[in-house]
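A structural walkthrough
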Amino acid sequence: MSKAQPGMSMERADIAFEVNGAAVSVCVPPVRRLSSVLRDELRLTGTKIGCDAGDCGACTVLVDGEPVCACLMSVASAAGTVVTTVEGLANGRLSALQASFLDHGAAQCGICTPGLLIAATALLDREPNPSETEVQDALGGVLCRCTGYRKIVAAVMDAGRFASELSTDGIAPHPPAGTFSPYSDGEKDEAPALASPSPRLSRGEGKGEGQHQLQRLDLDLDRRMPISGHAVGSSPIRLDGLPKVTGGEKFGGDSFPADALAVLVVRSPHHHARFAFGDLDAWVKTRPGIVGVFTAADIPGKNSFGVIAPFADQPALAEGFSRFRGEAVALVAGEREAILDLDLSDFPVRWTELPYLLQPCEAQAGGAQLIHENRPANLLTTGFVERGDPEAALSGAAFVVSGAIDTSYVEHAYIEPEAGHAYMDGDTLVVVACTQAPYMDRDDVAKVLGLAVDKVRIVPTATGGGFGSKLDVSLQPLIGLVAMKTGRPAALAYTRNESMISTTKRHPAEMKATIGADADGRVTGMVFAGDFNTGAYASWGPTVANRVPVHASGPYATPNYRAEGRAIHTNGPISGAFRGFGVPQATIMQETLYDELAEKLGLDRLDFRLKNTLRNGSETVTGQRLESGVGIAECLEALRSHWGRALVDAELFNADSSTKKRGVGVASCWYGCGNTSLPNPSTIRVGISVTGDVVLHQGAVDIGQGSNTVIAQICADALGLPLEKFRLKSADTAITPDAGKTSASRQTFVTGKAAEKAGRALREAILRFANVSEKAAIALDGTSLIIREGEATRHIDLSTLKADTDGFVFRAEESYDPPTLPLDAKGQGKPYAVYGYGAQIAELEVDLKLGTVKLIKITAAHDVGKAINPLLAEGQIEGGIAQGIGMALMEEYIPGRTENLHDYLIPTIGDVPPIETILIEVPDPEGPFGAKGLGEHVLIPTAPAILNAIRHATGVLVTKIPATPSRIRAAIRDKEAGR
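Residues numbered from 1 in each chain as written. Predicted model: local features only at pLDDT ≥ 70, side-chain atom pairs only at ≥ 80, totals over all residues. Heavy atoms only, no water.

1. Focus on the sheet that holds strand E11 (residues 321–322)
Consider a sheet: its strands pair through backbone hydrogen bonds, and that pairing is either parallel or antiparallel. The three strands lie next to each other as E11-E9-E13, forming an open sheet whose pairing is antiparallel. The strands lining the two open edges of the sheet, one partner per strand, are E11 and strand E13 (349–353). Two strands pair when backbone bridges link them, and strand E9 (residues 273–277) and E13 are joined in this way by five bridges, in the antiparallel orientation. The residue bridging Ala273 from the neighbouring strand is Glu353, located in E13. (Pairing = 2+ DSSP bridges. Helix = DSSP H or I, 4+ residues; strand = E, 2+ residues; numbered from the N terminus.)

2. Things to note about the side chain of Asn303
Within the element layout of this structure, Asn303 appears in the loop between strand E10 (290–294) and E11. At 2.8 Å, the side chain of Asn303 forms a polar contact with the backbone oxygen of Leu317. Not counting residues within four places of it along the chain, the set of residues in contact with Asn303 comprises Ala296, Gln314, Pro315, Ala316, Leu317 and Glu319. (Polar contact = N/O pair within 3.5 Å; in protein donor to acceptor, adjacent residues only side chain to side chain. Contact = heavy atoms within 4.5 Å.)

3. Here we look at unusual backbone geometry
A cis amide bond links Ile961 with the next residue in sequence, Pro962, at an omega value of 10°. Relative to the assigned elements, Pro962 resides in the loop between helix H24 (942–954) and helix H25 (965–976). Despite not being glycine, Phe929 has its phi angle at roughly 55°, a positive value. Mapped onto the elements of the fold, Phe929 is located in the loop between strand E35 (915–920) and H24. Relative accessible area serves as the criterion here: at 29%, Phe929 is assigned to the partly exposed category. (Buried < 20%, exposed > 50% of the residue type's maximum accessible area, 1.4 Å probe, protein only.)

4. Some details on the sheet that holds strand E34 (residues 853–863)
What the four strands build is an open sheet, ordered E25-E33-E34-E35; its pairing is mixed. Each edge of the open sheet carries a strand with a single partner, namely strand E25 (660–672) and E35. When the angles between neighbouring strand axes are averaged without regard to direction, this sheet yields 15°. Pairing of E25 with strand E33 (residues 835–847), which is carried by 13 bridges, proceeds in the antiparallel orientation. Across the sheet, the residue bridging to Val666 is Ile841, located in E33. This element, helix H20 (residues 632–655), spans E25, E33, E34 and E35 of the sheet and lies at about 170° to E25. (Axes fitted to C-alpha atoms, helices over the stretch in contact; angles between N-to-C directions.)

5. Things to note about the packing of aromatic side chains
Summed over all chains, the structure comprises 14 aromatic pairs. Measuring from ring centre to ring centre gives 6.1 Å for Phe324 and Tyr537, while their planes differ by 80°; the resulting arrangement is edge-to-face. Placement of the pair is Phe324 in the loop between E11 and strand E12 (328–334) and Tyr537 in the loop between strand E23 (523–535) and helix H17 (541–551), with a sequence separation of 213 residues. Using a relative accessible area of 2% as the deciding quantity, one classes Phe324 as buried. Accessibility expressed as a relative area gives 0% for Tyr537, which makes it buried. Judged by centre distance (4.9 Å) and plane angle (15°), the rings of Trp670 and Tyr835 are stacked. With Trp670 in strand E25 and Tyr835 in strand E33, the pair connects residues that are 165 residues apart, well separated along the chain. Pair check on accessibility: Trp670 and Tyr835 agree, each one buried. Feature note: the residues Phe275, Phe277, Trp283, Phe347 and Trp351 constitute an aromatic cluster, connected by ring pairs. One residue, Lys505, lies across the ring of Tyr893, its end atom 4.8 Å from the ring centre. (Phe/Tyr/Trp six-rings, centres within 6.5 Å; stacked < 30°, edge-to-face > 60°. Lys NZ or Arg CZ within 6 Å of the ring centre and 35° of its normal.)

6. Section: the pattern of salt bridges
Under the defined criterion, the tally for this structure stands at 55 salt bridges. Ionic pairing is found between Arg562 and Glu386, a salt bridge with its closest N-O pair at 2.7 Å. Separated by 176 residues along the polypeptide, Arg562 in strand E24 (residues 560–569) and Glu386 in strand E14 (residues 379–387) bring together distant segments of the chain. Take Arg562: its relative accessible area is 22%, and that puts it in the partly exposed class. Residue classification places Glu386 among the buried positions, given a relative accessible area of 13%. Members of the salt-bridge network, linked through shared partners, are Arg12, Arg32, Asp40, Glu41, Arg336 and Glu337. (Salt bridge = Lys/Arg side-chain N within 4 Å of Asp/Glu carboxyl O.)

7. Section: the confidence of the model for the protein chain
Per-residue pLDDT for the protein chain averages 92, and the proportion of residues at 70 or more is 93%. Confidence drops under pLDDT 50 across residues 1–8; counting only partners more than four residues distant or on other chains, this segment forms 18 contacts. Contacts from residues 169–228, a stretch scored under 50 in pLDDT, to residues over four places away or in other chains number 174 contacts. (pLDDT = per-residue confidence, 0-100.)

8. Looking at the pairing of strand E20 (residues 490–493)
Direction of pairing for strand E8 (residues 261–267) relative to E20: parallel, over a ladder of two bridges. Residue pairing in the sheet places Ala262 in a bridge with Ala491 of E20. Sheet analysis places strand E17 (residues 419–425) next to E20, joined by four bridges and oriented antiparallel. Opposite His421, over in E20, you have Ala491 as the bridge partner.

9. What to know about the environment of Ala638
Inspection of the secondary structure assignment puts Ala638 in helix H20. For Ala638, a relative accessible area of 22% puts it in the partly exposed group. A sequence separation of 91 residues divides Ala638 from Arg547, and the C-alpha atoms of the two residues are 28 Å apart. In this structure, Ala638 is in contact with Ala861, Ile918 and Ile920, ignoring residues within four places of it in sequence.

Below is the structure:
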């Protein structure tokens, strides 16, 4: 949208059209985007904004029955049309497609779901029984970062089954069987066609976004619950599923108060620059509606934050000079209309560009300028593990291979850019925003703004994807500062560009390694070294540097080993957490060398891995003895038949094709769940209210992975009451205990274990009150607690019991912290209590002339210990594989060049092949019901399996990742030229 001249308002016009069956008229500038009008004027926030450029498709709506990107359509163009948004699909009851999405688990974080539902509705209106190709064609313009698309395709193709049921009785939401409140307490959100602005929170209340009732579909939820009634091991409809498919889910930008000031961030256009402000007061005075400009000079606390306190080094607003492109230097706050029309091209800031360093080799060169004066040689930190005598082992090995691999920046590319609002509730600052770590946010916001920790409240909204980047604070201290300084609510939603330039990335890595084996094919030694470009500030660089050396051996017995990981500062984008903390990069190095070593040995690649896997009783490279729960051999064995079939298929294809060749690759992974050798606690509170609800205070933020459902399932079985009796109060630092951050594959394991302990403790309290044994069964019927033991039955009227301050008549609160031990100077110790394992096969086809890759199939076997919710586990695997595909073949963030979702490519619905998932259950006694983490593991083997398959097809290994067509062609040319 073009910007008006300073101080001039755009002319408005009355524009009438129909939305979801209701006639509406708005008075707005005719060129305003239809998406903005739907969201801001009509409060139909089910239409999401992911890019404002037509690249992501999240804002797709129907206009006269045809799907269009509402961000590309002016509201004037909608005059006289009939518009349908996701809120209009249900029409008092779920559509067949919405019901199918719930049944298939096709919505994870849910931010892209409305756009997908709208696009699929248009398809089904013209073709009720579409083919997979037709589904892919119709939905190709809508991006999803969580699901891997496979369940979306299945849901659309299966919608006809639900349509036939709708044609008789319909699928109307049943009365609430349970209650899900992702936003604490509050009023139920009925998702009216034209909703009114939401009120702000008061302390002790829930967010005005509202409380969602769990309206379950009997044909779905009950169908998937086993006869035994146990929740663990079943796949009920996810407890937060309904609002995701109706448009009722409230993400960071969906509930801005009507009177909130809008905030813009002024950012550095340079990799490294000195800057100075001009007359800010004069600039503000000449712009009606602009309330103020805020800089580092306005920050009342310590202007430094970071996820790891000893390394915290990032200012909320830069002071005097910026260290990376996109760094925030000032805030402009004003009335919403004034900010919409504001042109920042003449903002009074003068830039002096300075020399910059973008590569670790430049930053490490002698005499290189220090990015942080207290970090010599621009080295943030080093991680190190050594065991045995690797040099002697390599020198005595029968076979030795060496190699080097470089990887690129990878953008998280969640479809929801950062968004939130803040306001003062008395003397308490309340920040309502998308996040993965509310308690960490609280602590950093309090420090930056000079507040006591108990005077900051973080209320997470639904989070539209995170994958690690939303662990770091982004806009939280910025909107908090404006709210504190002005006394008014402050709201900010990042544009796609500023999200991409200012937030963290996957660390680029420059790695080299050598691995040796004896004549029998057993690995005898390995040496690994990796330099990780951590960018301008620390973020999670120390975690990557320390986690990589522990994992770089892969899940294999390696008696002699040395690995070093170094996090090096540059003026590049900040590198942080991204699904694996550096392990995906290291695994590419290790697994590609394993293929070369197997070839030298003359061994089948799968057999070579099986010969060397860790097993029960093995010792890891840190000297940790794994007594039980090691499932990597089971994963590889589960792939054996698929491996043999795929190799035969490839051989037959290649015999008849000269221009295209098929390849098959395999790779394994392991991953320690939780923090590395550090405290990692979670706390869960659960109680029974006087009204007969089981209320679960569950502070583990669900970013789409399903923790809201999985943790409730664990608690339900531990307590012995059915899942539908549960009411959830999700993360809110004012009312829920700290369940830790959503990262490092820790929530199912760590918070799940706390939930299991809390459920058992609550059960014990009830049984003790009733003076019965642990064999007794409990049930709830309204306000009656029923206890049966043998032939005896006792009824306890809960309404007659005294409730505590939380309204509980029975309660329990339990914590769990995994038992780990520190690593010594040589990296020896017990860094994790539980590991997860996995292995994947990639089948693909390479066009030798074009260098293009067509994926045929991926088969994934993952040891989850115990599948708490098999459907959600499958969804995690498929979504992780999709991100691994992107990392392997297309994703490469280049500062200044790929700062949007048009130039930065992520997999679309047509890029993800059929995925066959094999869930392996080798229980770990430490996990809840034997469960292990899964979130990170699922991505780790994908890229190396693909690269090994490309090598199998072409005979060349691409050593700069991603393996783009040009890089594949260059490698083939080098091979043909004998280079």
